[in-house]
Amino acid sequence: MSARTSARVIEHVVCSFCGCLCDDIIVEVDEGEITRVRKACASGRGLFTRYDPTPRQPTVDGQEVDWKEAIAEAARILDEANSPLIYGLSSTATEAQRKAVALADKLGAMIDTTSSICHGPTDLAMQAVGEPTCTLGEVRNRADLLVFWGCNPAVSHIRHFARYSVMPKGTLTPNGRRDRTVVVVDVRPTSSTQAADLFLQVQPGADFEVLSALRALLREKEIEAETMGGVPTAHLQEMAERMRTCRFGVAFMGMGLTQSRGRDLNVSELFTLVAELNQYTRFCVIPMRGHGNVAGADQVLTWQSGYPFAVSFARGYPRYGPGEFSTVDVLARAEADAALILASDPVAHFPRVAAQQLERIPTIVLDPNRNLTTQVARVVFPTACYGVDAAGTAYRMDGVPIRLRPVLPTVRPTDAEILDQIIETVQQC
Amino acid sequence: MLGILNGRVYDPLNEVRGDIRDIWIKDGQIAPPEEVSREEAEIIDATGLVVMPGGVDIHSHVVGAKVNSGRKFRPEDHRDHVRARTSFTRSGSGYTVPTTHLTGYLYAEMGYTTVMEAATAPLVARHTHEELEDTPILDIGAFITMGNNHFIMQSIRDGEREKARDYVGWLLGATKGYAIKIVNPGGVENWKWGQNVSELDDEVIGFGVTPRQIVTTLAWINDELGLPHVPHIHGLNLGQSGNARTTIETIEALEGRRAHLCHLQFLSYAGDRGKRPRSGAAEVARAVNEHPNVTADVGQIVFGEATTMTSDGPLQYRLRQLTGHKWLNDDVEGETGGGVVPVLYKRKNLFNAVQWITGMELFLLIDDPWRVFLTTDHPNAGPFFRYPHVISLLMDRDARAEAFERLPSRARKDVLLAELDREYTLYEIAIITRAGTARALGLKNKGHLGAGADADVTIYADLDNKEEMFAHPRYVLKNGEIVVRDGRLIQERPGRTLHVAPGYDPAIEADLRTHFEACYTISFDNYPVASEYLAQGEEIPCGCV
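Bear in mind the structure is a predicted one, so any value in this text is a computation, not a measurement. (Residues numbered from 1 in each chain as written. Chains lettered and ligands numbered in written order. Predicted model: local features only at pLDDT ≥ 70, side-chain atom pairs only at ≥ 80, totals over all residues.)

Draft legend 1. Here's a closer look at the overall build of chain B. Summing up its helical and strand segments, chain B has 18 helices and 26 strands in all. Taking 545 residues into account, the globule formula puts the C-alpha radius of gyration at 24 Å, and chain B, at 22 Å, falls close to it. Counting every position in chain B, which comprises 545 residues, the buried fraction comes to 61%. By sequence separation, contacts in chain B at least 24 residues apart represent 76% of the contacts at least 6 residues apart. (Helix = DSSP H or I, 4+ residues; strand = E, 2+ residues; numbered from the N terminus. Rg over C-alpha atoms; globule rule 2.2 N^0.38 Å. Buried ≥ 20, exposed ≤ 12 C-beta atoms within 10 Å, placed from the backbone. Contact = placed C-beta atoms within 7 Å.)

Next up, the structure:
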């Protein structure tokens, strides 16, 4: 093939930025460069246009080395560690996630995903009370009542309203927006509340109370208080009635529930409310998973270890320990003596005490881009970006797996390839 | 090359009934003796041992979205059931819902080498294939749920069954599936309205078609496409008293077309709906005996922990209401639904005792072992590694009587099982666990030890204790390689994905593009599972149309 390739338009491209995994993106490529990205939101466009696919050498202590040397150094760090930690996983493909869990198993390491600082409480709630859910197409085709609780899709999942929930026309919702009632529940007005028919403003930390009140009202219990968690009881009564009488209701929930007071108990209460609504009508819940393949990370860890996050292989078999093996806790207690960070930037997001520990221990990073964590890492592998210049698989927030197809030729090594070589090089624990 | 010498061979497809034979293996297949150089062959002395083809499970839930949800929401199932990694195997956990690698090891250690994943929703078939890549040793095919599929129901409504046929052909290829699965036809769609179906002529809301039309159309399609297996049917009213009647009506509705009825135990109860159940096995077994076009697997209850998981959404909700347990529901757009609920089968529970009796009676009252197969509908009626226990009950009427005596007296009153003294022979066990299932699945290279068969072989010690005998085979060979020796796994090999690629009129794809744009949230072009997920795929040919 000649060096000069003609411009081409690639359709049905999947954007792996967030848990929506929109698969209708149109990308134009000319001479090996992305020249235009259509249909994507601002975040999604950035995924394609801000990434520089030029191959870079890996570094050890900031010095460029060849790949073999970097693999050897990474393996040496992991072999010498007594209690290594593997963290991240949510912005890479399942092909790499599978290798990451295999590496953790071989090393006897702890492995954890970004779920542990995000929807980990959602996983705990699901394990406590179950989860009545559905795919996003059921929302598009059936849902006439949408409740967004503690989430702000207008900012975090920009095309969610347009593609999956509020706007789209479906088989039972031929008029799109006009066939739906949209309720937002949050502690303050957000960009998403502008799209709502009804906004319930809850006092910070009072979600559990409000959810309990809705469960009680659904059972036709009298509530004497005039307000519950800052919401007038009359409004809650109306809301309970709306939920009970809709045709097909769907609740979307986010970190407003998982990371506020009550955490998994808030989510359990919502999931229980949704389950109980099925005595009267059909109602489902879908967690608004954030990163492009964080749902896949849950899936892979579960099929290989039995548990979705916070797993330790130190005893030779998988053990589950949110709070014990979750990364922030492990780092804050200085229990890990080496870390491999896969497709994540914990230094930018962790509490200071945990982030600082990552600077103290030898850290290995696999990431397509430079970030705060690569700056403190001992070994950095600049890998390909799945969905831009590498093929792979990702799971949408509703568990639908989608093939990520590259729009650029794969020149850089992938996360899966690097992890495979590390697995081959390290000693069996 | 490998020789298994002087073993007592049970190979029902070749009518070998416990004769002393030598089995020769070359290039992963059973070979005629003259093609093997005996000096170079590794020899297994099977003197005094029992040799059978590797086990073939016709219905088990082992991989995919629903199974993984079951794993994820049952940490309590895994904590006490773990396996540590070794130099060549992965670690794992789980009792009723084991992790993928552990599932492969446990099946292989029990002498099973082929398993059918019983229900994959088309939209998430890619997930099933990803898990298959992490499930070692076993050859696995996936059944694709179609009994509540919008495109199929629309085609039936419009009197265009040829369209439905071409769609099914396309869909099996697009999902890399193995067979047509029908689960509560129409009932799962109605569940999306909070309802169900209870009769074959009930209406599916919004489509104006009936469960009867769905079943008969898919049975016709199956024959038209020449699929190796038959439509695999989970019928109406599963778990309800009185469902024996709808089961028999379903058999009759087939009008002679071939079909397989899965976990028949759950669908063979007499008594009035909503009232105390009784075994309806006698009536159902009679119908099966009278209809040579149907096969069945039993779905035998084993007392203890289980995890129910089906595509039958309304059933799973009913189980939640009955047990009060945590409940997982997953409605899949335009295709199907499903759910997961943990259960504990208790010997002292009257209903569970009736379920146990019903399963046993089906085994003993269906005359032809080529048409009734051993399953526990894993993990719905109990985990697959309890098969040896069920075998021990089938082979020993005293053991059965002893187990029967331990049931509550109310369950034992006026029960036919007390009078049934049939005992399965080893030859019949070989039929209901491999030869018969391989034949029903249309797997010509499985379930037998004739020349050209895949060299999947299980060698058992000949013990009086049948449970021990079948739980811990001495040797298990997969594609001619010894994977289990002296009851211990000695190597891990990749398993294969068994799939079909039926012919269809490609003109259907234009209709499907329109259908996808109207109903789906994923584009038509991104839907099919491509060959990159089938590193170890094996296409099983379809017959001529």
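Draft legend 2. Seen up close, the interface of chain B and chain A. The interface of chain B with chain A comprises 47 residues on the first partner and 51 residues on the second. Among the secondary structure elements, those contributing two or more residues to the side of chain B that touches chain A are helix H1 (65-72), helix H2 (75-78), strand E7 (82-83), helix H4 (125-133), strand E18 (327-331) and helix H18 (508-519) of chain B. A per-element tally of the side of chain B that touches chain A places E18 of chain B first, with five residues. Per-class residue counts for the side of chain B that touches chain A are 17 nonpolar, 15 polar and 15 charged. (Nonpolar A, V, L, I, M, F, W, Y, C, P; charged D, E, K, R; others polar.)

Draft legend 3. Expanded view of the sheet that holds strand E15 (residues 282-287) of chain A. Residues and elements named next belong to chain A. Strand order in the open sheet formed by five strands is E11-E10-E9-E14-E15, and the pairing between neighbours is parallel. On the outer flanks of this sheet lie strand E11 (198-201) and E15, each paired with one strand and no other. Taken pair by pair, the neighbouring strands of this sheet meet at an average axis angle of 15 degrees, ignoring direction. (Pairing = 2+ DSSP bridges. Axes fitted to C-alpha atoms, helices over the stretch in contact; angles between N-to-C directions.)

Draft legend 4. Region of the structure containing the domain arrangement of chain A. Considered domain by domain, chain A is made up of domain 1 (56-118 + 292-385 + 413-425) and domain 2 (120-287). When its residues are assigned to classes, the side of domain 1 of chain A that touches domain 2 of chain A shows four nonpolar, three polar and one charged. (Domains from an automatic or database assignment.)

Draft legend 5. How the structure looks around the sheet that holds strand E3 (residues 33-38) of chain A. All names here are of chain A. Sheet architecture is open: three strands sit in the order E1-E2-E3, paired in antiparallel fashion. What marks the edges here is a single partner per strand, and that holds for strand E1 (8-13) and E3. Geometrically, the sheet is characterised by an average inter-axis angle of 25 degrees between neighbouring strands, direction not taken into account. In terms of strand pairing, strand E2 (residues 25-30) meets E3 through five bridges, oriented antiparallel. Bridge assignment links Val29 to a residue of E3, and that residue is Ile34. Contacts between helix H1 (residues 42-49) and the sheet are confined to E2 and E3, with E3 contributing the most and set at about 170 degrees to the helix.

Draft legend 6. Structural view of the packing of helix H12 (residues 294-305) of chain A against H1 of chain B. Following both chains from N to C, one finds H12 of chain A and H1 of chain B inclined at 75 degrees, their axes separated by 9 Å at the closest point. It follows from the interaxial angle that H12 of chain A and H1 of chain B lie roughly perpendicular. Together, Asp298, Gln299, Thr302 and Trp303 of chain A of H12 of chain A and Asn68, Arg71 and Lys72 of chain B of H1 of chain B make up the contact between the two elements. For the contact of H12 of chain A with H1 of chain B, the class distribution of residues is one nonpolar, three polar and three charged. (Parallel < 35°, antiparallel > 145°, perpendicular 65-115°, else oblique.)

Draft legend 7. Quick look at helix H8 (residues 207-218) of chain A. Residue and element names in this part refer to chain A. Look at H8: 17 Å from first C-alpha to last across 12 residues, which is about the 16 Å you get at 1.5 Å a residue. Those residues of H8 not exposed but buried are Asp207, Phe208, Val210, Leu211, Ala213, Leu214 and Leu217. Structurally, H8 contributes buried residues whose contacts are with strand E12 (227-228), strand E13 (231-232), helix H9 (233-245), helix H10 (255-258) and helix H11 (263-277). (Expected span 1.5 Å × (residues − 1).)

Draft legend 8. Examining the nonpolar core more closely. Counting 313 residues, the largest nonpolar core has Ile86, Ala100, Met253, Leu270 and Val274 of chain A together with Leu362 of chain B as the members making the most contacts within it. When residues of this core are assigned to domains, at least three map to each of domain 1 (56-118 + 292-385 + 413-425) and domain 2 (120-287) of chain A. Look past the residues within four positions of Leu270 of chain A in its chain and what remains in contact with it is Trp149, Leu211, Ala251, Met253, Leu257 and Val285 of chain A. (Core = buried A, V, L, I, M, F, W, Y, C linked by C-beta atoms within 7 Å.)

Draft legend 9. Seen up close, the environment of Ser91 of chain A. Residues and elements named next belong to chain A. Within the element layout of this structure, Ser91 appears in the loop between strand E6 (84-88) and helix H3 (94-107). Considered as a pair, Ser91 and Met253 are 162 residues apart in the sequence and their alpha carbons are 21 Å apart. When residues no more than four places from it in sequence are discounted, the contact partners of Ser91 are His291, Gly292, Asn293, Ala343 and Ser344.

Draft legend 10. Main features of unusual backbone geometry. Of note, the bond from His378 of chain B into Pro379 of chain B is cis; its omega dihedral lies within 30 degrees of zero at -5 degrees. In this structure, Pro379 of chain B sits in the loop between strand E20 (372-373) and helix H13 (387-395). Its identity is not glycine, yet His12 of chain A carries a phi of approximately 55 degrees, on the positive side. Following the sequence through the fold, His12 of chain A ends up in strand E1.

Draft legend 11. Structural context of the packing of H8 of chain A against H11 of chain A. Residues and elements named next belong to chain A. Axis separation between H8 and H11 bottoms out at 9 Å; the angle between their running directions is 20 degrees. One finds that H8 runs roughly parallel with respect to H11. Note that H8 runs across H11; the crossing there is left-handed. Facing Asp207, Phe208, Leu211, Ser212, Leu214, Arg215 and Leu218 of H8, the residues of H11 in contact are Leu265, Asn266, Glu269, Leu270, Thr272, Leu273 and Glu276. Of the residues in the contact of H8 with H11, the class split is seven nonpolar, three polar and four charged. (Left-handed = near helix turned anticlockwise from the far one by under 90°.)

Draft legend 12. Molecular detail of the environment of Gln357 of chain A. Residue and element names in this part refer to chain A. With respect to the element layout, Gln357 can be found in helix H15 (residues 352-360). As a C-alpha pair, Gln357 and Val347 span 10 residues in sequence and 9.5 Å in three-dimensional space. The residues contacting Gln357, other than those within four sequence positions of it, are Leu331 and Ala334.

Draft legend 13. Expanded view of the pairing of strand E22 (residues 401-404) of chain A. Residues and elements named next belong to chain A. Covered by surrounding structure in E22 are Pro401 and Arg403 together with Ile402 and Leu404, the residues of both alternating faces. Bridge count for strand E21 (residues 392-395) against E22 is four bridges, and the pairing is antiparallel. Counterpart to Ala394 in the pairing with E22 is Ile402. Hairpin connection, E21 to E22: the antiparallel pair is bridged by five residues, and Gly399 has positive phi, about 85 degrees.

Draft legend 14. Quick look at the environment of His129 of chain B. Among the secondary structure elements, His129 of chain B is positioned in helix H4. Not counting residues within four places of it along the chain, the set of residues in contact with His129 of chain B comprises Lys176, Thr497, Val529, Tyr533 and Leu534 of chain B.

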